[in-house]
Amino acid sequence: MDQKISHTKVTDQLQRPLRDLRISVTDKCNFRCRYCMPEEIFHKDFQFLPKEKLLSFEEIERLTRIFVGMGVEKIRLTGGEPLLRKDITILIQKIRQIEGVKDIALTTNGSLLEKFALPLKEAGLDRVSVSLDSLDDDRFGYMNGRGIKVSTVLKGIEAAQKAGLGIKINMVVQKGATDPDILPMARYFKEAGITLRFIEFMDVGNANGWELKQVVPSRDILEMINREMPVEPVEAEYFGEVAKRYRYLGTDTEIGFISSVTQAFCSSCTRARLSAEGYIYMCLFATEGIDVRSRLRDGTTDEELTRYVQQLWSNRKDRYSEERLSATQGLPRKKVEMSHIGG
Ligand code: SAM
Ligand code: SF4
Ligand code: SF4
C-alpha cells in the first residue's frame, strides 16, 4: 500500500469542500429505535451483513488516509451501534495515527459506554455524541424498543465525563412520542452542564413511516425553552457547522438544533459517508451508494482510488433537504436506511 498520498483538496458542484467523513462500522444494533430500526422490519430473522462484507480495519484506515489527503479533517464513527464492532478501539488507534486527522468522534446509544469510555479515550477518541430521547424509563424503553433503562445511558455519560471525553447529547424530537421530554431533558442537561442537541425527526430510509406532521420545528422547541430558561445565540465556529447553537444566559452551557427538515443546511454540507460494507454515500438521503469495497480488493492503487473519490466528490450535487423544503411530504424515493450509513 502506498503510504504517501498527494494532498489535493476538492470542491463539489455547489462549491462545498470535503471536510468530514462519517464511517459506519457495523449495521447491527442492540436497540430497535422506532424512528430508525423498527422491530417489525429489523426482527430476529433480519439478515445483517455477513463478516466478509464488512470493511476490515485495514481497509477503513486506507480509505480514511485517502479522504484525509483530499481535505477531510474530522472523522465520526457510527453505525448501527459502533460499540458492537469488535475491537473498535484498535480502529481508533489506527485513525489517530493518520497525519491530518484533527478530530475523532463517535456516535453511540450509550448502552455500552460505561464499559468502553476509558479504553476509547486511551485509544485516541476525542468526543462522543450520546443519543438519549427521554429521561422517563417507560417512554425511553418504548422508544428504544428493548426496554433499556435511562440509568444505563446516564452511567455511560458519567463514565465518558470521567474519562475526559468531550460529550454532547442528541435527542430526536418526534411529535406524539418524545415531545413531552423536551423540557425535562433541557433542565437536566443544563444542570449537568452538558450540551443537548435537538434533532428534527427525519425521513431517513423507508422503514420509519415518517410524516411531516410528526416533526416539531426547532423554532418551536427554542421558544418553549427560552420561555423558561432564557438563551442567547452563539456564533458558528466553522463553515459547515450542523447545529445552530444557543447558550443559557449567565452560563457556559449550550443547546443546539439540527433542523434538517425545517431549516435545511445543504449549502454548507461538507460530509461524505462510508457504509459498513464499503459504499460511499454523498448524502444522508442518497438512493444508492458507490461501491468502493470491490476496488479496495481488486488491486486498485491508492492513486487510482484517490482520483476516483475526487471525481465522485467533484460531481456531487446532492441537496435533498433543500429540495424537500419545497415539497409537502418527504420526496418519494427509495433511500438508504439510517442504520446502514449511520446518520
Ligand atoms: N446507534 C448510534 C446512536 O444511536 O447514537 C449511532 C447510529 S444512529 C443511526 C445516529 C443518530 O441518528 C442517533 O443520534 C439517532 O438518534 C439519529 N437518528 C436515527 N434515526 C433518526 C431519524 N429518523 N430522524 C432523526 N435522527 C435519527
Ligand atoms: Fe440503533 Fe442508533 Fe438506530 Fe437507535 S438510532 S436503532 S441506537 S442505530
Ligand atoms: Fe448534506 Fe444531504 Fe443532509 Fe443536505 S440533505 S445536509 S446534502 S446530507
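- Looking at an unreviewed UniProt entry, one finds the protein chain named GTP 3',8-cyclase and attributed to Brevibacillus laterosporus LMG 15441.
- The protein chain has a UniProt comment under Function (unreviewed entry) that states "Catalyzes the cyclization of GTP to (8S)-3',8-cyclo-7,8-dihydroguanosine 5'-triphosphate."
- What the UniProt record of the protein chain gives under Catalytic activity (unreviewed entry) is the line "GTP + AH2 + S-adenosyl-L-methionine = (8S)-3',8-cyclo-7,8-dihydroguanosine 5'-triphosphate + 5'-deoxyadenosine + L-methionine + A + H(+)".

**Considering the sheet that holds strand 7 (residues 231-234)**
Thought 1: Taken in spatial order, the 12 strands of this open sheet run 7-8-9-6-5-4-3-2-1-10-11-12, and their pairing is mixed. Edge positions in the sheet fall to strand 7 and strand 12 (290-291), since each has one partner strand and no second.
Thought 2: For strand 1 (residues 20-24) and strand 10 (residues 271-274), the ladder comprises four bridges, and the chain directions are parallel. When the bridges of strand 10 are listed, I23 appears paired with L274.
Thought 3: Sheet contacts for helix 1 (residues 57-69): strand 1, strand 2 (74-78), strand 10 and strand 11 (279-281); angle to strand 1, the most-contacted strand, approximately 165 degrees.

**With respect to the nonpolar core**
Thought 1: If you look at the biggest cluster of nonpolar residues, it comprises 104 residues, and the most contacted ones within it are L77, I169, F198 and I225.
Thought 2: Setting aside its immediate chain neighbours within four residues, I225 contacts I182, L183, A186, F198, P230, Y248 and I255.

**Considering helix 9 (residues 302-314)**
Thought 1: Between its first and last C-alpha atoms helix 9 spans 18 Å; for 13 residues at 1.5 Å apiece the expected length is 18 Å, and the two agree.
Thought 2: Along helix 9, the residues that are buried comprise D302, L305, T306, V309, Q310, L312 and W313. With its buried residues spanning 160 degrees around the axis, helix 9 presents them on a single face.
Thought 3: On its buried face, helix 9 sits against helix 1, strand 10, strand 11, strand 12 and helix 8 (293-297).

**Section: the pairing of strand 4 (residues 127-131)**
Thought 1: Across four bridges, the pairing between strand 3 (residues 103-108) and strand 4 is parallel. Bridge assignment links T107 to a residue of strand 4, and that residue is S129.
Thought 2: What joins strand 3 to strand 4 is helix 3 (residues 113-123), and the crossover it makes is right-handed.
Thought 3: Bridge count between strand 4 and strand 5 (residues 166-173): five bridges; the pairing is parallel. If you follow V128 over to strand 5, its bridge partner there is I167.

**With respect to the site of ligand 3**
Thought 1: Surrounding ligand 3, one finds 13 residues, the nearest of these being C266, C269, C283, L284 and S321.
Thought 2: When its residues are assigned to classes, the shell around ligand 3 shows seven nonpolar, one polar and five charged.

**A short note on the layout of surface pockets**
Thought 1: When its volume is computed, the second largest pocket comes out at roughly 350 Å³.
Thought 2: In terms of lining residues, the second largest pocket is bounded by 13 residues, among which K51, L54, F57, R85 and K86 are the most central.
Thought 3: Across the lining of the second largest pocket, the residue classes break down as five nonpolar, two polar and six charged.

**Structural notes on the UniProt feature "binding site: [4Fe-4S] cluster 2" (unreviewed entry) in the protein chain**
Thought 1: UniProt feature "binding site: [4Fe-4S] cluster 2" (unreviewed entry): in the numbering of this structure it lies at C266, C269 and C283. A maximum C-alpha distance of 9.4 Å places the annotated residues, which cover 18 residues in sequence, within one compact spot.
Thought 2: Tracing the backbone shows C266 in the loop between strand 9 (254-258) and strand 10.
Thought 3: Judged by relative accessible area, C266 falls into the buried class, the value being 10%.
Thought 4: With sequence-adjacent residues up to four places away left out, C266 is seen in contact with R16, R319, Y320, S321 and E322.
Thought 5: Turning to its location among the elements, C283 is positioned in the loop between strand 11 and strand 12.

Conventions we followed
- Residues numbered from 1 in each chain as written.
- Chains lettered and ligands numbered in written order.
- Predicted model: local features only at pLDDT ≥ 70, side-chain atom pairs only at ≥ 80, totals over all residues.
- Heavy atoms only, no water.
- UniProt positions renumbered as here; feature names shortened; annotations may be inferred.
- Pairing = 2+ DSSP bridges.
- Helix = DSSP H or I, 4+ residues; strand = E, 2+ residues; numbered from the N terminus.
- Contact = heavy atoms within 4.5 Å.
- Axes fitted to C-alpha atoms, helices over the stretch in contact; angles between N-to-C directions.
- Core = buried A, V, L, I, M, F, W, Y, C linked by side-chain atoms within 4.5 Å.
- Buried < 20%, exposed > 50% of the residue type's maximum accessible area, 1.4 Å probe, protein only.
- Expected span 1.5 Å × (residues − 1).
- Arc of directions from axis to C-beta.
- Right-handed = clockwise from strand over helix to strand, strands pointing away.
- Near = heavy atom within 4 Å.
- Nonpolar A, V, L, I, M, F, W, Y, C, P; charged D, E, K, R; others polar.
- 1 Å grid on protein atoms, 1.4 Å probe; cavity = no way out; pocket = protein on both sides within 12 Å on 5 of 7 lines; lining within 4 Å.
- Points joined across faces, edges and corners; volume = space filled by probe spheres on them.

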